[in-house]
Amino acid sequence: MACPARFVCRPKRHQRNLYSGYKKGHGYKFQALIVACGLLFDIYGPLPGRRNDWFMWTDSRLGQFLRALPLHASGKPYYIYGDSGYYLWKDILVSGFKGRYLTAREEKFNTTFNTPRTSVEWGFRSVTQMWRSLNMVEEQKVGRTAVGYQYLAACLLTNFLTCLDGTNQTAAYFNCPPPTLERYMTAERVDRAGLWQL
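The structure presented is a predicted model; accordingly, all values stated were derived computationally and were not measured.

## Section: the overall build of the protein chain
What the protein chain contains, in helices and strands, is 7 helices and 8 strands. Relative to the globule expectation of 16 Å for 198 residues, the C-alpha radius of gyration of the protein chain, 17 Å, shows essentially globular dimensions. Restricting the contact set of the protein chain to residue pairs at least 6 apart, pairs at least 24 apart contribute 55%. Surface accessibility of the protein chain: about 12000 Å² in total, with carbon and sulfur atoms responsible for 54%. In the protein chain, 26 positive and 14 negative side-chain charges are present, and the distance between their average locations comes to 8 Å.

Printed below as a string of structure tokens:
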């Protein structure tokens with residue numbers, strides 16, 4: 001899970017609300033899960049660029065929703081691995097260890113989960129590579145273009161293409177093929193926008 005920022009042209013109004021001091025630009029943020037088959041699930045946003053990852057996690061209430069899901073077929077609960085902007089949350093959200101003085105065990109944990117965490121970035125990169133207009137910051141004008149809807153539509157279309165292609169970088173890494181487009185489109189919807197019961 002991660003919260004990519006989508007930059008916009010400097011707005012005439014609401015500059016302070018959209019400015020991210022960490023990213024040094026104006027924009028919106030989205031929170032999304034990327035599952036092992038390479039699909040983007042539960043995209044939450046847009047929220048103003050000034051909001052941090054932890055705020056988005058708590059505001060989305062995704063943790064409460066996931067706790068209510070039945071256990072995985074293996075009998076184990078679902079886990080989400082987030083980047084360093086997140087903290088451990090009720091045995092659902094797991095993040096790497098932070099700090100300068102880590103034990104050997106903590107360093108090994110961070111190393112082990114670094115590549116799977118990076119796979120989340122592969123998913124977001126594929127969205128912006130397929131839909132290059134999203135990267136044209138000077139054309140992303142608040143009040144003139146539907147910046148948030150453009151990104152959400154691009155995520156949905158990227159999922160469609162992943163299903164049609166039968167793979168992407170994340171799916172190949174985890175050896176977990178995505179569903180067919182027909183299955184994706186006819187899947188039973190779970191009681192939350194963006195999550196599907198496949």
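## With respect to the side chain of K29
Counting through the fold element by element, K29 comes out in strand β3 (residues 25–34). Looking at K29, its side chain comes within polar contact range of the side chain of D53, at 2.8 Å. Sequence-distant contacts of K29, that is, excluding residues within four places in its chain, are made with C3, P4, A5, Y44, G45, P46, L47, G49, R51, N52, D53 and M56.

## Brief notes about the packing of aromatic side chains
This structure, assessed with the given rule, holds 6 aromatic pairs. For the pair Y81 and F109, a centre-to-centre distance of 6.2 Å together with 55° between the ring planes defines the contact as tilted. Here Y81, found in strand β5 (residues 80–82), pairs with F109, found in helix α4 (residues 104–130); they are 28 residues apart in sequence, far enough to count as distant. Looking at F109, the relative accessible area reads 23%, which means it is partly exposed. Between the aromatic rings of F97 and F109, the centroid separation amounts to 5.3 Å while the plane-to-plane angle is 75°, which identifies the pairing as edge-to-face. Of this pair, F97 sits in the loop between β6 (93–95) and α4 while F109 is found in helix α4, placing the two residues 12 residues apart along the sequence.

## Here we look at the layout of surface pockets
Taken as a whole, the second largest pocket encloses approximately 490 Å³ of empty space. If you trace the second largest pocket, you find 24 residues lining it, with C3, Y22, K23, K29 and D53 closest to the centre. The set of elements that each furnish at least two residues to the lining of the second largest pocket consists of β1 (5–7), α2 (53–60) and α4. The residue makeup of the lining of the second largest pocket, split by class, is 10 nonpolar, 6 polar and 8 charged.

## What to know about the pattern of salt bridges
Where charged atoms of side chains with opposite charge meet at close range, the side chains can pair. Inspection of the entire model under this criterion finds 1 salt bridge. With its nearest N and O atoms 2.8 Å apart, the salt bridge here joins D53 to K29. Taken together, the residues span a long stretch of sequence, with D53 in helix α2 and K29 in strand β3 at a distance of 24 residues. With respect to burial, D53 and K29 carry one shared label: buried.

The rules behind each value
- Along each chain, the written sequence defines residue order, and numbers are assigned to residues from 1.
- Residues qualify for local features only when their pLDDT is at least 70, as the model is predicted, and side-chain atom pairs are given and counted only at 80 or more; totals for whole chains, interfaces and linings, by contrast, use all residues.
- Calculated side-chain values reflect all of the structure's heavy atoms, with hydrogen atoms and water omitted.
- Helix and strand assignments follow DSSP, with helices taken as H or I runs no shorter than four residues and strands as E runs no shorter than two, numbered in order from the N terminus.
- Just to be clear, the radius of gyration here is over C-alpha atoms, and the globule rule we use is 2.2 Å times residues to the power 0.38.
- Only heavy atoms enter the contact rule, under which two residues are in contact if any of them lie within 4.5 Å.
- Accessible surface is estimated by sampling points in the Shrake-Rupley manner with a 1.4 Å probe; for residues, cover comes only from the protein chains shown.
- Counting rule applied: Lys, Arg positive; Asp, Glu negative; His and chain ends not counted.
- The atom standing in for a charge is NZ when the residue is Lys, CZ when it is Arg, CG when it is Asp and CD when it is Glu.
- Two N or O atoms count as a polar contact when they lie within 3.5 Å, although within protein this holds only if one can serve as hydrogen donor and the other as acceptor, and sequence-adjacent residues are included solely when both atoms are side-chain atoms.
- Pairing of aromatic side chains requires ring centres within 6.5 Å, counting the rings of Phe and Tyr and the six-membered ring of Trp. Pairs whose planes differ by under 30 degrees are stacked, by over 60 edge-to-face, and all others tilted.
- Buried means the residue's accessible area, taken with a 1.4 Å probe over protein chains only, is under 20% of the maximum for its type, while exposed means over 50%, and partly exposed covers the values in between.
- Think of a 1 Å grid over the protein atoms and nothing else: a 1.4 Å probe that fits but is trapped marks a cavity, an open set flanked by protein within 12 Å on at least five of seven lines marks a pocket, and residues with an atom within 4 Å of a point count as lining.
- Grid points are joined across faces, edges and corners, and a volume is the space filled by probe spheres set on the points.
- The classification used treats Ala, Val, Leu, Ile, Met, Phe, Trp, Tyr, Cys and Pro as nonpolar, Asp, Glu, Lys and Arg as charged, and all other residues, Gly among them, as polar.
- When a carboxyl oxygen of Asp or Glu is within 4 Å of a side-chain nitrogen of Lys or Arg, the pair counts as a salt bridge.

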